[in-house]
Amino acid sequence: MTILSKDAPAEISHPAHPEHKLKLTAAGAAEFQCDVCKELGAGDRYTCRPCDFDLHSDCALAEATLAHPLLKGRELQLRYGDDGGRTCGACGGKVLGLHYHCAAKKGMDLHPCCAALPLAIPQEELTLELRKEASHRCSSCRERGRGRTWFYRSTCKTVYLHVACVREIARRSRAAGDGSSTDPFASVKDAALQIYRAKRDESELERVILELVLGG
Ligand SMILES: [Zn+2]
Ligand SMILES: [Zn+2]
Ligand SMILES: [Zn+2]
Ligand SMILES: [Zn+2]
């Protein structure tokens, strides 16, 4: 059974679809496109079935202003629509609908679902922490900064993953249909763990070879 978010109301009225009430739906792993932010998603959402209208719960329940822990001293305002060519500061993807905008000097935009990403994704062997930038290549796409988008970094500093790559890993796993877990980051945790173990084994191998070479 899918467990719905505890604090989310079962039914809401939303200005983006004033005709009908929207019902909280446990969508499981099935993918949908959110009608206000235009991003893909899975998991809990608000829907109007007859109209085929879907909203991320993050978008439906988004506060009018956002103070993000990674953006100290800034306040972002929730806005509809795009004024063309804006990208999300966290994932680097295009902003096509509802988003948070910071009007300060160095402007900043965030998809509501990127703004709602957890600061930490913990698991048994390693914890991924959300960071603004990283000095390392991404363990998934092997690229560096990608225009200074946000990263997840393991606390042991072994695994680095762009937010975009984290979202892509989750999306691919949904597309492959192995979405039996209610944890939207299950596939990301698996991927991080595989990278971590491979790197650990690699450095273990290097150590052994060095010892052999140096006759240690
Ligand atoms: Zn959305
Ligand atoms: Zn409707
Ligand atoms: Zn984003
Ligand atoms: Zn990447």
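What counts and how
- Residues numbered from 1 in each chain as written.
- Chains lettered and ligands numbered in written order.
- Predicted model: local features only at pLDDT ≥ 70, side-chain atom pairs only at ≥ 80, totals over all residues.
- Helix = DSSP H or I, 4+ residues; strand = E, 2+ residues; numbered from the N terminus.
- Buried ≥ 20, exposed ≤ 12 C-beta atoms within 10 Å, placed from the backbone.
- Contact = placed C-beta atoms within 7 Å.
- Pairing = 2+ DSSP bridges.
- Core = buried A, V, L, I, M, F, W, Y, C linked by C-beta atoms within 7 Å.
- Domains from an automatic or database assignment.
- Nonpolar A, V, L, I, M, F, W, Y, C, P; charged D, E, K, R; others polar.
- Expected span 1.5 Å × (residues − 1).
- Axes fitted to C-alpha atoms, helices over the stretch in contact; angles between N-to-C directions.
- Parallel < 35°, antiparallel > 145°, perpendicular 65-115°, else oblique.
- Left-handed = near helix turned anticlockwise from the far one by under 90°.

**Focus on the overall build of the protein chain**
Okay, so step 1: Within the protein chain, the secondary structure is distributed over 4 helices and 14 strands.
Okay, so step 2: In terms of its C-alpha atoms, the protein chain occupies a principal-axis envelope of roughly 75 × 45 × 25 Å.
Okay, so step 3: Classification of the 216 residues of the protein chain by burial places 34% in the buried group.
Okay, so step 4: If you take every contact in the protein chain between residues at least 6 apart in sequence, the share linking residues at least 24 apart comes to 45%.

**So, the sheet that holds strand β2 (residues 22-26)**
Okay, so step 1: The 4 strands are arranged β1-β2-β5-β6 in an open sheet whose pairing can be described as antiparallel. Sheet topology places β1 (11-12) and β6 (53-56) at the edges, where each strand pairs with a single neighbour.
Okay, so step 2: Pairing analysis gives 4 bridges linking strand β5 (residues 44-48) to β6, with the strands arranged antiparallel. The partner of C48 across the bridge, within β6, is F53.

**Topic: the pairing of β5**
A regular strand places its side chains on the two faces of the sheet in alternate fashion.
Okay, so step 1: Taken across its 5 residues, β5 has 4 buried, putting it largely inside the fold.
Okay, so step 2: Sheet topology places β2 next to β5; 4 bridges connect them, and they run antiparallel. Bridge pairing links T25 to R45 in β5.
Okay, so step 3: Count of turn residues in the β5/β6 antiparallel hairpin: 4 residues, of which D52 carries a positive phi of about 55 degrees.

**Focus: the nonpolar core**
Okay, so step 1: Grouped together as the largest cluster of nonpolar side chains are 42 residues, with contacts concentrated most on C114, L161 and V163.
Okay, so step 2: Considering every element that reaches this core, the biggest residue donor is helix α3 (residues 163-175), with 6 residues.
Okay, so step 3: Excluding residues within four positions of it along the chain, V163 makes contact with A90, C91, C114, L117, T149, W150, F151 and Y152.

**Quick word on unusual backbone geometry**
With glycine set apart, most residues show a phi of negative sign, and most peptide bonds adopt trans.
Okay, so step 1: Although it is not a glycine, D52 sits at a positive phi angle of roughly 55 degrees.
Okay, so step 2: Classification of D52 as exposed rests on a count of 9 C-beta atoms within 10 Å.
Okay, so step 3: One non-glycine residue with positive phi stands out, namely K157, at about 55 degrees.
Okay, so step 4: Judged by local crowding, K157 falls into the exposed class, with 11 C-beta atoms found within 10 Å.

**Quick word on the domain arrangement of the protein chain**
Okay, so step 1: Domain assignment breaks the protein chain into domain 1 (11-60), domain 2 (63-116) and domain 3 (120-208).
Okay, so step 2: Contacts between domain 2 and domain 3 engage 7 residues on the former and 9 residues on the latter.
Okay, so step 3: Classifying every residue of the side of domain 2 that touches domain 3 by side-chain character gives 4 nonpolar, 3 polar and no charged.

**Quick look at the pairing of β2**
Okay, so step 1: One ladder, built from 2 bridges, connects β1 with β2; its direction is antiparallel. If you follow E11 over to β2, its bridge partner there is K23.

**Remarks on the sheet that holds strand β10 (residues 108-110)**
Okay, so step 1: Read from one edge to the other, the open sheet built from 4 strands follows the order β7-β8-β9-β10, with strand pairing classed as antiparallel. Looking at strand neighbours, the two that pair on one side only are β7 (65-66) and β10, the edges of this open sheet.
Okay, so step 2: With 3 bridges connecting them, strand β8 (residues 76-79) and strand β9 (residues 99-102) associate as antiparallel partners. Among the inter-strand pairings, L78 is bridged to a residue of β9, identified as Y100.

**Description of helix α4 (residues 186-213)**
Okay, so step 1: For α4, which comprises 28 residues, the first-to-last C-alpha distance of 40 Å matches the rise-based estimate of 40 Å (1.5 Å per residue) to within 8%.
Okay, so step 2: Inspection of α4 places S187, V188, K189, A191 and A192 among the buried residues, and these make up the whole buried set.
Okay, so step 3: Just beyond α4, the residue with positive phi is G215, at close to 60 degrees.

**Looking at the packing of α3 against α4**
Okay, so step 1: It is the contact of α3 with α4, at a shortest axis distance of 8 Å, that shows an interaxial angle of 115 degrees. Overall, the two elements α3 and α4 adopt an arrangement that is roughly perpendicular. Considering only the axes of α3 and α4, their crossing is right-handed. Every residue of α4 that contacts α3 at V166, I169, A170 and S173 is listed here: S187, V188 and A191.

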